[in-house]
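Each chain, written out:
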Amino acid sequence: MADEQQMNVAVLGGGSFGTALASIAADNGAKVRQWMRDEALVTQINHEHRNGRYLPHYVINPAVIASTDLQSVLEGAELVLIAIPSKAFRSVVQAAKPWLTPEQILVSTTKGIEQDSFLLMSQVLEQETGFPHVGVIAGPNLASEIADKQLTATVIASADALTRTRVQQALGCRYFRVYASNDRHGVELGGALKNIYAIAAGMAAALGMGENTRSMLMTRALAEMSRFAVAQGANPMTFLGLAGVGDLIVTCSSNLSRNYRVGYAMGEGRGLDEAVSALGQVAEGVNTVKLVCAKAREMGVYMPLAEGLNRVLFEGVPAQEMARTLMMGEQSSDVEFILPREAVQQAHRENGGRNA
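So, a few notes on the structure that sits alongside this text. (Residues numbered from 1 in each chain as written. Predicted model: local features only at pLDDT ≥ 70, side-chain atom pairs only at ≥ 80, totals over all residues. Heavy atoms only, no water.)

The next point concerns the overall build of the protein. Check the secondary structure of the protein and you find 16 helices and 8 strands. In summary, the protein has a C-alpha radius of gyration of 21 Å against a globular reference of 21 Å for 356 residues, a match within 12%. Counting only C-alpha atoms and orienting by the principal axes, one finds that the protein spans roughly 70 × 40 × 35 Å. When each of the 356 residues of the protein is scored for burial, the buried share is 54%. In the protein, the proportion of contacts linking residues at least 24 apart, taken out of those at least 6 apart, comes to 70%. (Helix = DSSP H or I, 4+ residues; strand = E, 2+ residues; numbered from the N terminus. Rg over C-alpha atoms; globule rule 2.2 N^0.38 Å. Buried < 20%, exposed > 50% of the residue type's maximum accessible area, 1.4 Å probe, protein only. Contact = heavy atoms within 4.5 Å.)

What follows covers the packing of aromatic side chains. With the rule as written, the count across this model stands at 2 aromatic pairs. Measuring from centroid to centroid gives 6.1 Å for F118 and F228, while their planes differ by 65 degrees, and the two rings are edge-to-face. Placement of the pair is F118 in the loop between β5 (105-108) and α5 (121-129) and F228 in helix α9 (residues 211-231), with a sequence separation of 110 residues. On the basis of relative accessibility, which here comes to 13%, the residue F118 falls in the buried class. Looking at F228, the relative accessible area reads 0%, which means it is buried. (Phe/Tyr/Trp six-rings, centres within 6.5 Å; stacked < 30°, edge-to-face > 60°.)

Considering the arrangement of structural elements, one finds A83 in the loop between β4 (79-82) and α4 (86-96). When its relative accessible area of 15% is taken as the criterion, A83 is described as buried.

With that settled, the discussion passes to the state of the cysteines. The final tally for this structure, using the stated rule, is 0 disulfides. For C293, which is in no disulfide, the shortest distance to another cysteine sulfur is to C252 and amounts to 15 Å. (Disulfide = S-S within 2.5 Å.)

Here the focus is the pattern of salt bridges. Summed over the entire model, instances satisfying the criterion amount to 14 salt bridges. We note a salt bridge from R50 to E48, for which the minimum N-O separation is 2.9 Å. Take R50: its relative accessible area is 30%, and that puts it in the partly exposed class. Relative accessible area serves as the criterion here: at 46%, E48 is assigned to the partly exposed category. Between E298 and K295 there is a salt bridge whose closest N-O contact spans 3.4 Å. (Salt bridge = Lys/Arg side-chain N within 4 Å of Asp/Glu carboxyl O.)

Further remarks concern the packing of helix α8 (residues 184-206) against helix α10 (residues 242-251). Closest axis-to-axis distance for the α8/α10 pair is 9 Å, and the angle between their directions is 25 degrees. In terms of orientation, α8 and α10 fall into the roughly parallel class. In terms of crossing hand, the pair formed by α8 and α10 is right-handed. Judged by residue contacts, V187, G190, G191, K194, Y197 and A198 of α8 engage A243, D247, L248 and T251 from α10. Broken down by class, the residue content of the contact of α8 with α10 amounts to 5 nonpolar, 3 polar and 2 charged. (Axes fitted to C-alpha atoms, helices over the stretch in contact; angles between N-to-C directions. Parallel < 35°, antiparallel > 145°, perpendicular 65-115°, else oblique. Left-handed = near helix turned anticlockwise from the far one by under 90°. Nonpolar A, V, L, I, M, F, W, Y, C, P; charged D, E, K, R; others polar.)

Written out as structure tokens, the structure reads:
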């Protein structure tokens, strides 16, 4: 940001991703204030420049100032990054509203869906504020690797060009690349939906399934994600990018992924409550599975993997059954946007209904 006026950035949330983004923005020369509820964590960040709960070994830029006071964090901020779990997202935005202005750029980093409304977090932002500069960040972004300054890329999605540009300026650096998209809905759905399949991938790994199986799981997951998202109005091409296949690969392959770890624990035989409790952090995919399956049934969208996982998580079906669900489903189209499922089903009917 050389030769530009210093940007004021506010980060709401004291978790791992919010902390990493706050430090990146400070590294880039921004004036950064970070809000969180935990007084002890505020003190630790301001005096020790580390977040002992979520990123204990990460040295945070000393210019990041943490506070429990929303007003002091938000006033004068040009860019507001909101890194709050979906269950608390709306309540924090409501609390912040007195100090938000229409000129500010509001960007969600949360990969989840609101339970009662089925709204994505950027839609909650729009509903609560009515402001024009709204965006979402999503992509293969494991916070611990960002903290280690591993090469990472993300997507800023917004219909608003100013929002995309300002986020690229605030966060783009030599190890964190920020790419732009105007399909906010598709990018945000990709970020939320892949959490479902990360749980399934963790289960598959714990059950000792091979690389062929895991590859099939990820690919069919991508088909389900894009099928559902397109039914919701997203662009299927978005799922070829970082927020689609990129995020899916990392969360289905890494034990750094919270959702993967929950699935792995269940594949080892633990119950859902025990697996989530052992994690000690929010795994957004657990809530997302139930919400997406209900919505898919309502819309008539075929999602056998998500349905199989839903039964394992909430109906006591053994984890091994999830794999059977994948193998017992209809042998239909590979890429539906090239060959529609309906065309394959029609061909089966016309040729005696025999499986190919």
